[in-house]
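Here is how the chains run, residue by residue.
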Amino acid sequence: NVKKDISFICFCCSCCCNVMLGIRELGYPHILVTSNYIARTSEDTCIECGTCAASCPISAITMPPQGSPIIDVNICIGCGVCAHNCDTQSMRLVKREQRVLHPEDAFGRIILQSLEQGTLQNLIFDNPQSISHKFLRAFAGGFLKIPPVKKALMSDRLRSRFLEKLHRGH
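Quick summary incoming for the structure in this document. All of these numbers come straight from a predicted model, not from anything done at the bench.

**A word on the overall build of the protein chain**
Next up, step 1: Along the protein chain, the regular secondary structure elements total eight helices and four strands.
Next up, step 2: When the helices and strands of the protein chain are placed in sequence order, the string is α-β-α-β-β-α-β-α-α-α-α-α.
Next up, step 3: The proportion of buried residues among the 170 residues of the protein chain is 35%.
Next up, step 4: For the protein chain, the accessible area works out to roughly 11,300 Å², and carbon and sulfur atoms hold 56% of it.

**Describing the nonpolar core**
Next up, step 1: Ranked by size, the top nonpolar core spans 18 residues in total, and within it Ile58, Ile61 and Met91 carry the most contacts.
Next up, step 2: Looking at this core, the elements with two or more residues in it are helix H1 (18–26), strand E1 (37–41), helix H2 (51–55) and strand E4 (91–95).
Next up, step 3: The next biggest cluster of nonpolar side chains, apart from the first, holds nine residues, and it includes Ile111, Leu144, Met154 and Phe162.

**Notes on a nonpolar patch on the surface**
Next up, step 1: Side chains of Ile110, Leu123 and Ile124 sit close together on the surface and give an oily, nonpolar patch of about 260 Å² of accessible area.
Next up, step 2: Looking at the element boundaries, Ile110 is found in helix H4 (residues 106–117).
Next up, step 3: Ile110 gets classed as partly exposed once you look at its relative accessible area, which sits at 45%.

**Section: the state of the cysteines**
Next up, step 1: Within the structure shown, the criterion is met by zero disulfides.
Next up, step 2: Sulfur of Cys76: no disulfide; nearest cysteine sulfur belongs to Cys82 and is 6.3 Å away.

**So, the packing of H4 against helix H7 (residues 147–154)**
Next up, step 1: Remark: H4 packs on H7, axes separated minimally by 11 Å, with the N-to-C direction vectors making an angle of 160 degrees. Here H4 is positioned roughly antiparallel relative to H7, judged by the angle of their axes. When you trace H4 past H7, the crossing you get is left-handed. Between H4 and H7, the contacting residues are Leu112, Leu115 and Glu116 on the first element and Lys150, Leu153 and Met154 on the second.
Next up, step 2: Considered class by class, the residues forming the contact of H4 with H7 number four nonpolar, no polar and two charged.

**Topic: the environment of Met154**
Next up, step 1: For Met154, the location among the structural elements is in helix H7.
Next up, step 2: Here Met154 falls in the buried class, since its relative accessible area comes to 15%.
Next up, step 3: C-alpha of Met154 to C-alpha of Leu115: the two residues are 39 residues apart in sequence and 7.8 Å apart in space.

**Things to note about the packing of aromatic side chains**
Next up, step 1: For the structure shown, the criterion picks out one aromatic pair.
Next up, step 2: Relative to Phe139, the ring of Phe135 has its centre 6.2 Å away and its plane inclined at 20 degrees; by these criteria the two rings are stacked. One end of the pair, Phe135, and the other, Phe139, are both in helix H6 (residues 131–144), four residues apart, so they sit about a helical turn from each other. The residues Phe135 and Phe139 share a single accessibility class, namely exposed.

**With respect to the environment of Pro128**
Next up, step 1: Looking at where Pro128 falls in the secondary structure, it is placed in the loop between helix H5 (120–124) and H6.
Next up, step 2: According to the relative accessible area criterion, Pro128 is partly exposed, its value standing at 48%.
Next up, step 3: Pro128 has contacts with Lys134 and Arg137, leaving out every residue within four places of it along the chain.

Thresholds applied
- Residues numbered from 1 in each chain as written.
- Predicted model: local features only at pLDDT ≥ 70, side-chain atom pairs only at ≥ 80, totals over all residues.
- Heavy atoms only, no water.
- Helix = DSSP H or I, 4+ residues; strand = E, 2+ residues; numbered from the N terminus.
- Buried < 20%, exposed > 50% of the residue type's maximum accessible area, 1.4 Å probe, protein only.
- Areas by Shrake-Rupley, 256 points an atom, 1.4 Å probe, with all protein chains shown as cover.
- Core = buried A, V, L, I, M, F, W, Y, C linked by side-chain atoms within 4.5 Å.
- Patch = residues over 30% accessible without salt bridge, like charges linked within 9 Å, V, L, I, M, F, W, Y side chains within 5 Å.
- Salt bridge = Lys/Arg side-chain N within 4 Å of Asp/Glu carboxyl O.
- Disulfide = S-S within 2.5 Å.
- Axes fitted to C-alpha atoms, helices over the stretch in contact; angles between N-to-C directions.
- Parallel < 35°, antiparallel > 145°, perpendicular 65-115°, else oblique.
- Left-handed = near helix turned anticlockwise from the far one by under 90°.
- Contact = heavy atoms within 4.5 Å.
- Nonpolar A, V, L, I, M, F, W, Y, C, P; charged D, E, K, R; others polar.
- Phe/Tyr/Trp six-rings, centres within 6.5 Å; stacked < 30°, edge-to-face > 60°.

Right under this line is the structure:
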């Protein structure tokens, strides 16, 4: 999920990946920028075998006692491991309703994740001892949570200019 300076390639392995472990075991679903896809199952062709749930590296899929798999869309990262392992091709990836913005580098990834999580103000005003920083964190945090502001900053058009200005320090 990066365009420049790729430092690793993810194979979505849950046995040895600390990121996957953090999502699955410690409840940090937004630690990773997700793909533009999300898992979806076809109830018409699903044989309810549970292979998708067993293969999901972050346990985003559960199998009820009876019925089709349940996908937790809040933590599904859209890796496709479930779809790859589904013998009936009932599990597949579909485009997310809202496009995921992929950062070009680690700086962009941190800024975008903090925007998504509503913590950007904590990165900008980072002195917890300063009264002015506390005020500015609260003020900026409230401003950044306004849906039109957040939506504008996350849009393709403004995002690149916003990140470029932050990166340069202007």
